[in-house]
Amino acid sequence: MSRIEARFAGLRGAGRTALIPYVTAGDPEPSVTVPLLHALVEAGADLLEIGVPFSDPMADGPVIQAACERALKHHVSLHGVLDMVREFRRRDADTPIVLMGYLNPVEVMGYEDFAVAAEEAGVDGVLTVDLPPEEAGELVGALKAHGIDPIFLAAPTSDAARIETMDALGGGFLYYVSFKGVTGANRLDVQAVADKLAEIRGHTRLPVGVGFGIHDPESAARVAAVADAVVVGSALVKRIAELADAPQRIPAEAPAVIAAMRAAMDEPFSAASA
Amino acid sequence: MATQADELEALMAQPDARGHFGPYGGRFVAETLMGPLEELRQAWEQFRADPEFLAELDEDLARFVGRPSPLYPARRWSDKLGGARVWLKREDLNHTGAHKVNNTVGQALLARRMGKKRVIAETGAGQHGVATATVAARLGMECVVYMGAEDIRRQAINVYRMRLLGAEVVSVESGSKTLKDALNEAMRDWVTNVDDTFYIIGTVAGPHPYPAMVRDFQTVIGREARAQILAQAGQRPDALIACVGGGSNAIGLFHPFLSDEAVAIYGVEGGGEGIESGRHAAPLCAGSPGVLHGNRTYLMEDADGQIIETHSVSAGLDYPGVGPEHAWLKDIGRVQYVAVTDEQALAAFHDLTRTEGIMPALESSHALAYAMQLAPTMKADQHIVVNLSGRGDKDIHTVAALEGIKV
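Because the structure is predicted, anything quoted here is derived from the model rather than measured.

Criteria and cut-off values
Residues numbered from 1 in each chain as written. Chains lettered and ligands numbered in written order. Predicted model: local features only at pLDDT ≥ 70, side-chain atom pairs only at ≥ 80, totals over all residues. Heavy atoms only, no water. Helix = DSSP H or I, 4+ residues; strand = E, 2+ residues; numbered from the N terminus. Areas by Shrake-Rupley, 256 points an atom, 1.4 Å probe, with all protein chains shown as cover. Lys, Arg positive; Asp, Glu negative; His and termini not counted. Charge placed at Lys NZ, Arg CZ, Asp CG, Glu CD. Expected span 1.5 Å × (residues − 1). Buried < 20%, exposed > 50% of the residue type's maximum accessible area, 1.4 Å probe, protein only. Contact = heavy atoms within 4.5 Å. pLDDT = per-residue confidence, 0-100. Salt bridge = Lys/Arg side-chain N within 4 Å of Asp/Glu carboxyl O. Pairing = 2+ DSSP bridges. Axes fitted to C-alpha atoms, helices over the stretch in contact; angles between N-to-C directions. Right-handed = clockwise from strand over helix to strand, strands pointing away. Buried area = accessible area lost by both parts, 1.4 Å probe. Nonpolar A, V, L, I, M, F, W, Y, C, P; charged D, E, K, R; others polar. Core = buried A, V, L, I, M, F, W, Y, C linked by side-chain atoms within 4.5 Å. Patch = residues over 30% accessible without salt bridge, like charges linked within 9 Å, V, L, I, M, F, W, Y side chains within 5 Å. Polar contact = N/O pair within 3.5 Å; in protein donor to acceptor, adjacent residues only side chain to side chain.

**Student:** Quick one: what's the story with the overall build of chain A, residue by residue and with numbers?
**Tutor:** In terms of helices and strands, chain A carries 14 helices and nine strands. Projected onto the principal axes, the alpha-carbon positions of chain A cover approximately 45 × 40 × 35 Å. Carbon and sulfur atoms provide 52% of the accessible area of chain A, an area that totals close to 9,900 Å². Computed over 22 positive and 38 negative side-chain charges, the inter-centroid distance for chain A is 4 Å.

The structure is reproduced here in structure tokens:
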């Protein structure tokens with residue numbers, strides 16, 4: 001059983017929804033990332049999503065674009081991100097790590113070389129935003145051969161046949177993009193998400209996480225009531241950006257965003273009333 | 001065993017059903033756009049075979065764009081160069097001054113057939129933005145054009161032209177603030193407003209079906225040129241030359257000649273300050289394969305897979321990628337891709353202007369600069385067709401500034 005599967009199985013047993021914070025690796029500078037990841041786990045994160053900075057993040061809104069630009073000022077590369085994962089694993093052998101990014105850095109490293117290096121570093125899942133299932137066969141093969149779960153995005157525009165293809169190719173969990181738009185936009189409609197999740201669950205055995213637009217404890221709790229995982233990116237990255245001039249404060253102060261969501265998600269009344 | 005005829009036939013049959021030109025092309029976008037791209041492909045497959053749609057397109061190309069564009073024998077310039085006779089395909093005489101409008105007219109008609117009321121576009125120098133704003137004005141569509149903040153500063157006149165035409169021009173402040181960032185931002189708009197919005201991409205790049213669809217709209221250039229040279233010179237051309245940024249004017253000229261193996265074909269990239277300087281815009285000559293903006297193709301990228309900034313005196317060539325069909329034509333050796341420097345392009349700009357009374361765009365001046373190298377190596381009974389893809393009026397300020405003249 002993969003680390004991601006084990007984590008979801010444990011949460012299911014405890015009746016809890018997974019909380020998955022996203023941070024861009026190396027934002028605002030490389031030394032912050034590993035201490036921040038540990039602090040996020042302490043604040044209640046069940047899995048971690050680490051963004052690989054890219055020069056052209058087409059699916060991201062302004063908050064994560066700016067995070068990529070801050071990280072790239074320090075030339076944070078895919079190799080550098082894998083070094084961070086390796087360092088994180090020295091103190092944490094249990095929390096699953098998902099790399100999220102765009103295809104080109106992986107393409108340039110080579111699929112097989114990447115899969116070998118990611119497995120060795122301790123990566124559990126890889127989500128490549130601009131790689132739909134139609135083009136994913138080769139990378140999926142390399143990842144699976146090295147015990148890494150390929151994680152796919154499902155969208156409001158995905159039909160049943162596409163969900164079934166993702167289910168066949170993917171592992172770990174399915175990441176449902178809650179609306180048509182880019183990360184950080186304020187367009188979340190929880191009822192629409194609940195309706196689509198009911199449809200998606202008819203076509204996949206995978207747990208379904210929901211991301212895009214979850215920006216405060218209330219929206220986290222409402223989505224948690226219908227999803228298996230809640231992914232929080234821009235809301236956390238925005239807090240990191242506010243602290244960018246005092247990076248040493250980030251590991252201590254930024255995780256409060258996640259702790260507040262964790263508390264709201266675990267509050268039985270708010271979950272039940274959503 | 002594949003015969004030579006089969007191989008030549010295969011040249012014309014690309015891309016495959018999923019938009020691949022050999023290993024290039026494809027559809028590398030976020031999941032949300034996969035459904036809408038498939039819808040677009042189906043609409044295009046339907047209308048490209050619909051006589052009523054094609055008649056409407058032909059009518060617009062004739063009466064609105066002013067086609068066919070002439071094939072002009074550059075006699076004095078040919079005499080001066082010595083060697084082959086040079087013919088200029090006059091896309092500069094189209095309405096709005098460049099080949100871009102062939103494509104925007106087609107995509108806007110398609111958008112209307114699909115019931116979309118809003119069109120968006122990316123633009124670098126502003127030519128595609130102006131061509132999009134123009135057709136949007138004519139069809140009464142809402143139009144938003146994304147343009148890098150740096151390009152807005154450099155191309156103030158085109159920004160004003162677009163606003164006169166009723167378009168909203170959005171300044172893109174992310175990344176390098178140029179064409180590639182404008183394309184990113186247009187994609188973000190499209191993924192957000194995909195229900196009512198049609199994205200008019202300006203070149204033969206992007207996710208399938210754009211590279212094939214934009215090519216289909218631009219091949220009118222090559223079809224006309226083929227008939228014109230047969231009628232005017234009494235023979236087919238020995239060589240074709242076109243500049244390549246994204247590559248839409250080039251593929252438009254080249255495609256109808258691809259299976260004609262006697263025709264040598266040259267694509268000319270922006271060599272900037274020289275390939276060896278590293279400051280250029282020549283992914284086919286000096287880049288490597290990767291994935292950007294929805295397709296796999298040759299890119300200007302670093303060892304970590306980050307896209308790097310390009311440099312060319314011509315804003316229309318200042319793009320780190322290139323259409324996937326060009327990537328494939330390079331690999332199979334059907335088209336030779338070369339680069340000329342800013343300095344060589346400027347020399348050609350002046351030479352043609354003084355000798356023929358035709359002021360070419362700086363993009364097209366790259367193709368002309370290569371003709372200046374090639375023609376003297378050929379015989380007097382041989383013929384070269386150069387795609388004069390746009391007029392140079394938009395570049396007067398750039399040329400003047402380079403020469404220290406205040407206009």
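**Student:** Quick rundown of helix H6 (residues 127–139) of chain B? Include the residues and the values.
**Tutor:** Residues and elements named next belong to chain B. A rise of 1.5 Å per residue sets the reference length of H6, with its 13 residues, at 18 Å; its end C-alpha atoms lie 19 Å apart and thus fit the reference within 8%. With respect to burial, H6 is a largely interior element, eleven of its 13 residues being buried. In this structure, the buried residues of H6 make contact with helix H3 (51–65), helix H5 (100–113), strand E5 (118–123), strand E6 (142–148) and helix H8 (156–164). Two residues or fewer after H6 comes glycine 140, characterised by a positive phi angle close to 70 degrees.

**Student:** I'd like a rundown of the confidence of the model for chain B, residues and numbers included.
**Tutor:** All names here are of chain B. Of the residues in chain B, 98% reach a pLDDT of 70 or more, and the chain-wide mean stands at 95. Per-element confidence in chain B ranges from a low mean pLDDT of 69 for helix H1 (residues 4–12) to a high of 99 for strand E9 (residues 239–243). The ipTM for the predicted assembly is 0.95, set against a pTM of 0.96.

**Student:** Can you break down the pattern of salt bridges residue by residue, with the values?
**Tutor:** Residues and elements named next belong to chain A. Enumeration over the complete set of coordinates arrives at 51 salt bridges over all chains. Across the salt bridge formed by arginine 262 and aspartate 46, the nearest N and O atoms sit 2.6 Å from each other. Separated by 216 residues along the polypeptide, arginine 262 in helix H13 (residues 256–266) and aspartate 46 in the loop between helix H2 (30–42) and strand E2 (48–51) bring together distant segments of the chain. Accessibility expressed as a relative area gives 5% for aspartate 46, which makes it buried.

**Student:** Outline the sheet that holds strand E11 (residues 288–292) of chain B, listing residues and values.
**Tutor:** Residue and element names in this part refer to chain B. Strand order across the open sheet formed by four strands is E1-E2-E12-E11, with antiparallel pairing between neighbours. Every interior strand has two partners, whereas the edge strands, strand E1 (20–21) and E11, have only one. By the bridge criterion, two bridges tie E1 to strand E2 (residues 24–28) in an arrangement that is antiparallel. Considered in E2, the bridge of phenylalanine 21 is made with tyrosine 24. The sheet contacts of helix H14 (residues 324–331) involve E1, E2 and strand E12 (294–299), and relative to E12 the element is tilted by about 45 degrees.

**Student:** A description of the pairing of E5(B) should follow, citing residues and the corresponding values.
**Tutor:** E5(B) sits mainly inside the fold: six of its six residues count as buried. Handedness of the crossover is the feature at issue here: the chain leaves E5(B), passes through H6(B), returns alongside E6(B), and the resulting connection is right-handed.

**Student:** Which residues make up the interface of chain A and chain B, and what are the values?
**Tutor:** Listed as interface residues are 38 residues of chain A and, on the opposing side, 37 residues of chain B. Carbon and sulfur atoms make up 50% of the area that chain A and chain B hide from each other, which totals about 2,900 Å². If you sort the residues of chain A by the area they bury against chain B, Asp56(A), Met58(A) and Glu135(A) come out on top, with a joint share of 22%. At the boundary of chain A with chain B, the tally comes to four salt bridges. Lys180(B) is the partner of Asp56(A) in a salt bridge, and the nearest nitrogen-oxygen pair spans 2.9 Å. Of all the secondary structure elements, the ones that give two or more residues to the side of chain A that touches chain B are helix H3 (62–73), helix H5 (103–109), strand E6 (153–154) and helix H8 (160–169) of chain A. With five residues, H5(A) is the largest single contributor of residues to the side of chain A that touches chain B. A breakdown of the residues in the side of chain A that touches chain B according to their chemical character gives 21 nonpolar, seven polar and ten charged.

**Student:** Outline the nonpolar core, supporting the account with residue identities and numerical values.
**Tutor:** In terms of nonpolar packing, the biggest core is built from 87 residues, with Leu110(B), Tyr199(B), Leu253(B) and Phe254(B) touching the most fellow members. The residues contacting Leu253(B), other than those within four sequence positions of it, are Ile221(B), Gly222(B), Ala225(B), Leu240(B), Ile241(B), Ala242(B), Val385(B) and Asn387(B). Leu19(A), Ala220(A), Ala224(A) and Ile240(A) belong to the second-largest nonpolar core, a separate cluster that totals 71 residues.

**Student:** How would you summarise a nonpolar patch on the surface if you had to cite specific residues and measurements?
**Tutor:** All names here are of chain B. Together, Met359, Ile396, Ile405 and Val407 make up an exposed nonpolar region whose accessible area comes to about 350 Å². Looking at the element boundaries, valine 407 is found in the segment after helix H17 (396–402). Residue classification places valine 407 among the exposed positions, given a relative accessible area of 68%.

**Student:** With reference to specific residues and values, describe the side chain of Lys89(B).
**Tutor:** As for its position among the elements, Lys89(B) is in strand E4 (residues 85–90). Of the polar contacts made by the side chain of Lys89(B), one reaches the backbone oxygen of Ser69(B); its length is 2.7 Å.

**Student:** Summarise the packing of helix H10 (residues 210–218) of chain B against helix H11 (residues 220–232) of chain B; cite the residues concerned and give the values.
**Tutor:** Two quantities define a packed helix pair, namely the angle between the helix axes and the distance between the axes. All names here are of chain B. Running from N to C, H10 and H11 point in directions that differ by 35 degrees, and their axes come no closer than 5 Å. Only Val220, Ile221, Gly222 and Arg223 of H11 make contact with H10, whose side of the interface consists of Asp216, Phe217 and Gln218. When the residues that make up the contact of H10 with H11 are grouped by side-chain class, the tally is three nonpolar, two polar and two charged.

**Student:** Tell me about the sheet that holds strand E8 (residues 197–199) of chain B, and name the residues and values.
**Tutor:** Residues and elements named next belong to chain B. What the four strands build is an open sheet, ordered E7-E6-E5-E8; its pairing is parallel. Since the sheet does not close on itself, it has two edges, and those belong to strand E7 (168–172) and E8, each with one partner. When the angles between neighbouring strand axes are averaged without regard to direction, this sheet yields 25 degrees. Sheet topology note: the E6/E7 ladder contains five bridges and is parallel.

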